Amino acid sequence: MKKLFLMLAVASLSLNAMAQEDPTEKYSVSTNSFWSNWFIQTNLNWSSYTVGSHGVFSAPFRKFPMGTDKDAACEHGFTAPSLSIAVGKWFTPGLGLRTKANFGWMGKAFDSDAPILLDVSEHVMFNFHNLFGGYDEDRVWNFIPYVGAGLAHTFKTPNGVSKAGTYSFSFGLLNTFKISRKVALNLELGYTNYGKELVGASEGGIMPKHRLNRLSLEVGATFNLGKGTWNKTPDVDAIKALSQGQIDALNAQLTDAQAENARLKDMLANQQKQEAQATAVATKTVTKVVAAPVSVFFNIGKAKVASKKDLQNVSDLAKVAKENNAKIVVTGYADSKTGSARYNQTLSEKRAKTVVDELVKMGVDRNNIECVGAGGVATLSPINYNRRATVEIK
């Protein structure tokens, strides 16, 4: 039993470490309806039984297989096949319940008649991958410890009269491997401890004051019923930040345009030019306004453009650059509050490259574009405004 607890502890620490290495935001989900996320499981298993103080990890897999005499089985343990069926539901991606029924033939362990063991348990399940690593509907492997309690009953066949009922406690590790959205393979290791009444029920009173232990290895399949995925919760803060960021970018462009117009107004007041020259200056003014720095915003931890509307301003700037054969500088940023410096440097470079690729699609020569990753910064406030890339004519 100590070995099983040790396995659980090591697995938990490993998954915690994996989760902490990921600096990106977790996949938040909303709760589904009651009829969603149900499942059925069917398993074939091979069980090792031991009685009383004899360790569950001792000889039963090597000595006294099913069908041996009852005295040897009681002292050293025995093995036997079982079939289990379970029905359950995930209430969140990390927490679920299942009701599991196990039908086991206990061999000739207690009497010349083979007793049938029926064990029905209720299990609380914890999906460690979803709890510590965030929900991912494309994840193949899920690591699911569980703990539970239930009732057990033996039935003597064909002519036995001895029957017994008792409680049971169980825990174990369930591993599922996704095949499709509806089907997954199961690999389960479980431990169950039964009350003293179960062993003492057989005719003749064999070891009536000892508990029965069962260690089982199960292989089977999980079948998801109805909707088996979870809806992603909209990132309201990110949406608000994006909208505010777009407003700030427009205000910045307007300020630059007003400053440029004031400079040109002073120039025109001091010079007397012909109408054609004035028109040329006005055209140049429009060009300079369009060529003001443009910001493209991104969601937290992402290098995909959050709003295609930002690319319209980039398209106008690209047109000016092509007409004047000008150089363009694209600078990517990340907010310094999220992730490590190394991660933010890589993310800022990816964001800059995304905008460079969009400029190339707009017809700008890649040789005329300078791509810069500025890493994590805190230039703008609030901090989420820094999740952007700027585009300007050099």
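Structure's up top.
Residues numbered from 1 in each chain as written. Predicted model: local features only at pLDDT ≥ 70, side-chain atom pairs only at ≥ 80, totals over all residues. Heavy atoms only, no water.

What to know about helix 7 (residues 341-361)
Working note: α-helix, 3.6 residues per turn, so residues spaced by three or four point in the same direction. Look at helix 7: 31 Å from first C-alpha to last across 21 residues, which is about the 30 Å you get at 1.5 Å a residue. The complete set of buried residues in helix 7 reads Asn344, Leu347, Ser348, Arg351, Ala352, Thr354, Val355, Val356, Glu358 and Leu359. Those residues of helix 7 that are buried are in contact with strand 9 (294-297), helix 6 (310-324), strand 10 (328-335), strand 11 (369-377) and strand 12 (388-393). (Helix = DSSP H or I, 4+ residues; strand = E, 2+ residues; numbered from the N terminus. Expected span 1.5 Å × (residues − 1). Buried < 20%, exposed > 50% of the residue type's maximum accessible area, 1.4 Å probe, protein only. Contact = heavy atoms within 4.5 Å.)

Quick word on the pattern of salt bridges
Summed over the entire model, instances satisfying the criterion amount to ten salt bridges. Linking Lys100 and Glu218 is a salt bridge whose minimum nitrogen-to-oxygen distance equals 2.7 Å. Highlighted residues: Lys100 in strand 3 (residues 95-105) and Glu218 in strand 8 (residues 212-225), separated in sequence by 118 residues. Glu218 shares its class with Lys100; the two are buried. (Salt bridge = Lys/Arg side-chain N within 4 Å of Asp/Glu carboxyl O.)

Some details on the sheet that holds strand 12
With mixed pairing, the four strands of this open sheet are ordered in space as 9-12-10-11. The open sheet is flanked by strand 9 and strand 11, the only strands paired with a single partner. If you compare each strand with its neighbour and ignore which way they point, the axes differ by 20 degrees on average. Sheet strands in contact with helix 6 are strand 9, strand 10 and strand 12, and its direction is about 145 degrees off that of strand 9. (Pairing = 2+ DSSP bridges. Axes fitted to C-alpha atoms, helices over the stretch in contact; angles between N-to-C directions.)

Overview of the environment of Val356
When you line up the elements, Val356 lands in helix 7. On the basis of relative accessible area, Val356 is assigned to the buried category, the value being 5%. Separated by 15 residues in the primary sequence, Val356 and Cys371 place their C-alpha atoms 7.1 Å from one another. Not counting residues up to four positions away in its chain, the partners in contact with Val356 are Val330, Arg366, Ile369 and Cys371.

Digging into helix 6
For helix 6, with 15 residues, the first-to-last C-alpha span of 22 Å sits near the 21 Å given by 1.5 Å per residue. Every buried residue belonging to helix 6 is among Asp310, Leu311, Val314, Leu317, Ala318, Val320 and Ala321, and all of these are buried. In the segment just after helix 6, Asn325 is the residue with positive phi, at about 50 degrees.

Brief notes about a positive patch on the surface
Among the surface-exposed residues, Lys178, Arg181, Lys182 and Lys227 lie close enough to one another that they form a single positively charged patch. Structurally, the position occupied by Lys178 is in strand 6 (residues 164-178). Residue Lys178 is classed as partly exposed on the basis of its relative accessible area, which comes to 30%. (Patch = residues over 30% accessible without salt bridge, like charges linked within 9 Å, V, L, I, M, F, W, Y side chains within 5 Å. Areas by Shrake-Rupley, 256 points an atom, 1.4 Å probe, with all protein chains shown as cover. Lys, Arg positive; Asp, Glu negative; His and termini not counted. Charge placed at Lys NZ, Arg CZ, Asp CG, Glu CD.)

A closer look at the packing of aromatic side chains
For the structure shown, the criterion picks out eight aromatic pairs. Both rings, one in Phe39 and one in Trp90, keep their centres 6.4 Å apart while their planes meet at 35 degrees; by these two values the pair is tilted. Placement of Phe39 in strand 1 (residues 38-51) and of Trp90 in strand 2 (residues 78-90) is noted, with a sequence separation of 51 residues between them. A residue is classified by how much of its surface remains accessible, and Phe39, at 2% relative accessible area, is buried. These aromatic residues form a ring-pair network of at least three members: Phe128, Phe132, Trp141 and Phe143. Geometry around Tyr146 places Arg98 over its ring, the cationic atom sitting 4.7 Å from the centre. The side chain of Arg388 reaches across the aromatic face of Tyr333, ending 5.5 Å from its centre. (Phe/Tyr/Trp six-rings, centres within 6.5 Å; stacked < 30°, edge-to-face > 60°. Lys NZ or Arg CZ within 6 Å of the ring centre and 35° of its normal.)

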